[in-house]
Amino acid sequence: MAQPGLFGRETLALHAGQSPDATHGSRATPIHFTTSYVFPDADQAAALFNLEQPGHVYSRISNPTNAVLEERIAALEGGVGAVAVASGQAALHLAVTTLMGCGGHIVASRSLYGGSHNLFAYTLPRFGIHTSFVDPRDADAWRAAIRPETRLLFGESIGNPGLDVLDIPTVAAIAHAARLPLLIDATLVSPALQRPLELGADLVMHSATKFIGGHGVAVGGLLVDGGRFDWEASGLFPTLTEPYEGFHGMDFAEESPVAAFLLRARREGLRDFGACLSPMNAFQILQGLETLPLRMRAHVDNTVRVAQHLADHPLVEKVAYPALASHPDHALGQQILPDGCGAVLSFELKGGRDAGKVFIGALRLFSHLANVGDAKSLVIHPASTTHFRMSATDLAAAGIGEGTVRLSVGLENIADLLADLERGLAAVGKLLKV
Amino acid sequence: MDIPVNHQLTRIYTGGRSFDRELPTVVLIHGAGHDHSVWNYQARHLAHHGYGVLVPDLPGHGASHGTPLRDIDAMASWLLDLADAVGCTRMRLVGHSMGSLIALAAAAKAGDQVERLVLVGSVAPMPVAPVLIDAARDDRDRAHAMINQWSYSPAAQLGASATPGTSLPGTNQRLMERQPAGVLATDLQACNAWLDGLEVAAAIRCPTLLVCGERDQMTPARAVKPLCDALVNAAGGARMMTLPGAGHAMMAESPRALSDAIGKFLK
């Protein structure tokens, strides 16, 4: 323990947010499959609605099983609290709509998950929210893209699928100089490898579907409030600093200076947009979360071996993985991802698109599908799947070639994984007659 | 609401309802390194049950301007100045930890102006470990970690917060971090230096309630007893009650039980 009273990641992953059930003594987190909660009497019902006392009213807004997951991820990230939602995309949408409305503007890294790029580039503009995409490595570009109506800076810890490491301390400083918050999508690293709030970020989101769950059985999203951003001092966020008629005229920043964002996200966003998480999914995600630190160490070990193996192979043009010295963000990765750079990598096969198809077709252990962060190894061809909406120019800007293959390296025996990759590479060799 | 007190802008939270001076007034006073938000649930409860509620950020804390006051007597005088500023002639005082010392000192100064007194997590004197005062001055992160370790019951340290989705230690840490440098150290030194508590307690004539947390490590129930015994002139005798399972941060750990206890006593 670095400080008295602070628990390590492994302990928090198992215990944070849950005490054994007081009625039955259940050690595991119970699944509270209920839509609503009985009010003991009329006074207590009124008290819950008035926020005179905490508690659950309706499972769209809060649920005891979800609350364990929320508190656990908040503890792991070092935040003040969290909201569990239906998916990572729901978490991103909730963050944006809590901070701004029509006329708002976002500055985002251009190295993003395809779904996030789509939300910013095509969907949010229909609602009057526009986004400027910038080269995540270009600090001046971040600074220059900020406008008077900007309300959020956004990037991924490791840009999907180009594996760019975001310089969170630098981008956070740029955001704060403009009195703006920085939201980080930390899906590819999880709190086992990086705690963005400690690096200066203000908000963190996850697709819990990925490494946090780890098993690939439950879709879910998490949004964590760091509690450091001073909304009142910023003066740019009336949703948090002016009375909200939709909830008792509450001025969220006055009500709770450290949890204003969280309050509004739950009391407006979850209530009105309704993208709540099923308690069954919360339970399943919690089962995975219990072993997150252990799993991430094993993921990283396997991924480093895979990356080195591919980098040494004559049929591979290049490998993008920040742990390799050849990666442009290697030094930054060593600095802000000291425990490892995750389990996703991409590489470019000689032979372009056809080689990519042959390679994927020959694999037996790696599953060809649109996901990352499963305990099982996964493979995909981004240009024809996750990023198919992007133009060739946008693809190139995001560091994706037509023959780029993305791997999410799982927890199988490393010798078996390398043998499977050799099988794919042999098929490419046959295609290229080398 | 924000009003000037002694020419310094002061943030006063009113429990989600506009302050009405025609209603019986309750003033809730936060502890060292905190602000009004530690009292959210109790303030809202009282504001929705017939009271005009005032929860100030002490000078230099939260959104209140100025510098933190250096001793408990000065804080108590400031509190009475605040009451004057809002036109409050009679009031009930509720304080937590350092705030309880301020409430005790203010009640002694104000005499009949204070109708009821609730001391939450209170001992007098309130010695503070030198290691904590030193850390508050030289290594705030360490001081915050120590306070978090001592503020919560063992169960609350790891979680199962009463407020869904909220980390109690995380929230408390961030709240302490938000206060300007030096605030926590000044507050803790003020607590440590105020040695008049038991003497002052004898001057209290209004009904008084002391609330202890069963698992409070900062102000354990056994240490509260001398203060309770010193309140010899409190009308009806001072009462002491214990909240089962709660640590020092009772407002967040046992919000409903504490609100009920305060609400019933203030009637």
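First, a word on what this report is: a plain description of the structure on this page.

Quick notes on the rules
- Residues numbered from 1 in each chain as written.
- Chains lettered and ligands numbered in written order.
- Predicted model: local features only at pLDDT ≥ 70, side-chain atom pairs only at ≥ 80, totals over all residues.
- Heavy atoms only, no water.
- Salt bridge = Lys/Arg side-chain N within 4 Å of Asp/Glu carboxyl O.
- Helix = DSSP H or I, 4+ residues; strand = E, 2+ residues; numbered from the N terminus.
- Phe/Tyr/Trp six-rings, centres within 6.5 Å; stacked < 30°, edge-to-face > 60°.
- Lys NZ or Arg CZ within 6 Å of the ring centre and 35° of its normal.
- Contact = heavy atoms within 4.5 Å.
- Buried area = accessible area lost by both parts, 1.4 Å probe.
- Polar contact = N/O pair within 3.5 Å; in protein donor to acceptor, adjacent residues only side chain to side chain.

So, the pattern of salt bridges
Line of reasoning, step 1. For the coordinates displayed, the defined rule picks out 22 salt bridges over all chains.
Line of reasoning, step 2. Ionic pairing is found between B:Arg11 and A:Glu232, a salt bridge with its closest N-O pair at 2.9 Å. Highlighted residues: B:Arg11 in strand S2 (residues 8-13) and A:Glu232 in helix H9 (residues 231-234), drawn from two different chains.
Line of reasoning, step 3. A salt bridge links B:Glu115 to B:Arg92; the shortest N-O distance between them is 3.0 Å. With B:Glu115 in strand S6 (residues 114-120) and B:Arg92 in strand S5 (residues 91-96), the pair connects residues that are 23 residues apart, well separated along the chain.
Line of reasoning, step 4. Taken together, the shared-partner salt bridges in this structure form one network comprising A:Arg137, A:Asp164 and A:Asp329.

Some words on the packing of aromatic side chains
Line of reasoning, step 1. Scanning the entire structure with this criterion turns up eight aromatic pairs over all chains.
Line of reasoning, step 2. Through successive ring pairs, a cluster of aromatic residues spans A:Phe229, A:Trp231, A:Phe237 and A:Phe261.
Line of reasoning, step 3. Across from the ring centre of A:Tyr244, 3.8 Å away, lies the NZ or CZ of A:Arg264, which sits over that ring.
Line of reasoning, step 4. Between the NZ or CZ atom of B:Arg116 and the centre of the ring of B:Phe265, over which it lies, the distance is 5.1 Å.

Here's the deal with the interface of chain B and chain A
Line of reasoning, step 1. Between chain B and chain A, the contact holds 38 residues from the first and 44 residues from the second.
Line of reasoning, step 2. Summing the contributions of chain B and of chain A, the shared interface buries around 3,400 Å²; its carbon and sulfur component is 49%.
Line of reasoning, step 3. It is B:Leu158, B:Arg174 and B:Arg178 that lose the most area in chain B upon contact with chain A, and together they represent 22% of the buried surface on that side.
Line of reasoning, step 4. Our count for the chain B to chain A interface comes out at three salt bridges.
Line of reasoning, step 5. Here chain B and chain A share 27 residue pairs in polar contact (both at pLDDT 80 or more) between them.

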